[in-house]
Amino acid sequence: MELKIFLIFLLVPFFLLLHSYAAKLPYDFYKHSCPKVEEIVYRETARLIAKDITLAAPLLRMHFHDCFVRGCDASILLDSTPSFTAEKDSAMDATVSGYGEIDQIKAAVEKECPGVVSCADILAMVARDSVKLNNGPYYKVPLGRRDGTVSLATEAQANLPPHTFNINQLISLFNLKGLDIKDLVILSGAHTIGQGHCTNFLNRLSNFSRTNSIDPSLNVGYAQQLMNQCAGPNVASISVNMDFQTPTKFDIDYYKIVKQHKGLFETDAALLTNPITRAYVEHHSNPSGTHNFFEDFGKSMVRMGGIEVLTGNQGQIRKICSRVN
């Protein structure tokens, strides 16, 4: 039965996969204008992650948060002004970090090629390099995005999925972004690195519903472990590893954990409530699934990186990522 479901999963209609590409971008966009850009971005990202390996997860997450709001236009990097509250100051982005590191990488690129490379492209390259530097796959990143000039906290609230979304809500949101159910379960695998704040899953540990104190989809022993980790008066400042087995290694352990009902968030547990996403989790929770996941992850990241991108004369190339020119 599992094999049958998995085969159905593999036969997701081809037109849906094509639809996922919201924009076609070239791989050699900077071939003449800034030929060393990928080398510079990788070098600077590696330098920063060598100092703190936990940076990889927030740098990867930042690209996701950027693309789901106004498309991949680096709007998440803009600072608030007296006239508007920017995305980075929304409740949905309150735990996003790595802005200073992006500024450093941008400065290195600007030194080599002033006014040429967009902050949006830098986010896409940094996300890829962060994965690679955590033992994950390397994939080619299409380039040529331009930077947006608008950033609104209200749009972050409306477009980013809360940790309480069920599988149908997640599928609907991804479809709105031109992504399909396969992209959903693959991109969720990014939770193999990084941490989650206790405040984002405390509701699963007590008073979950009228009939259940603890979320019944959560392993009881793991729930007790989380209660111990999140105890104390300063719970808002406590974080735990999303992948408690290999938290700084990009691998398939996330799927092993989810299969054991030890996914940290309700959105992780939701992957077991749909036959297609459950089949992917089960197939990739064993070592033989590593290669397929790595290949799939690169493809889904490219699809996500094409959401509503600005090209040509649209937007601008910001000189400083945190403000418009």
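Caption draft 1: Spatial organisation of unusual backbone geometry. Even without being a glycine, arginine 70 presents a positive backbone phi close to 65°. Although it is not a glycine, histidine 261 adopts a positive phi angle of roughly 65°. Mapped onto the elements, histidine 261 comes out in the loop between helix H11 (253–259) and helix H12 (266–269).

Caption draft 2: Representation of the pattern of salt bridges. In the structure shown here, the tally under the stated rule is 13 salt bridges. The salt bridge partner of lysine 106 is glutamate 110, with a shortest N-O separation of 3.0 Å. Pair noted here: lysine 106 and glutamate 110 are both in helix H5 (residues 99–112), with a separation of 4 residues, about one helical turn. Residues lysine 106 and glutamate 110 agree in their burial class; the two are buried. Between aspartate 296 and lysine 182 there is a salt bridge, with its nearest N and O atoms 3.9 Å apart. On the criterion of sequence distance, the pair formed by aspartate 296 in helix H14 (residues 290–304) and lysine 182 in helix H9 (residues 181–187) is long-range, its members being 114 residues apart. The class of aspartate 296 is buried, set by a relative accessible area of 12%.

Caption draft 3: Just the packing of helix H4 (residues 56–67) against H14, in detail. One can describe the packing of H4 onto H14 by two numbers: an axis separation of 10 Å at closest approach and a directional angle of 40°. With respect to H14, the axis of H4 lies oblique. In this structure, H4 uses Leu60, His63, Phe64 and Cys67 to contact H14, whose residues at the interface are Phe297, Met301 and Met304.

Caption draft 4: The environment of phenylalanine 29, seen in detail. With respect to the helices and strands, the residue phenylalanine 29 is situated in the loop between helix H2 (14–19) and helix H3 (37–51). Taking the C-alpha atoms as reference points, phenylalanine 29 and glutamine 225, 196 residues apart in sequence, are found 49 Å from one another. If sequence neighbours within four positions are ignored, phenylalanine 29 has contacts with Leu143 and Gly144.

About the criteria used
Residues numbered from 1 in each chain as written. Predicted model: local features only at pLDDT ≥ 70, side-chain atom pairs only at ≥ 80, totals over all residues. Heavy atoms only, no water. Helix = DSSP H or I, 4+ residues; strand = E, 2+ residues; numbered from the N terminus. Salt bridge = Lys/Arg side-chain N within 4 Å of Asp/Glu carboxyl O. Buried < 20%, exposed > 50% of the residue type's maximum accessible area, 1.4 Å probe, protein only. Axes fitted to C-alpha atoms, helices over the stretch in contact; angles between N-to-C directions. Parallel < 35°, antiparallel > 145°, perpendicular 65-115°, else oblique. Contact = heavy atoms within 4.5 Å.

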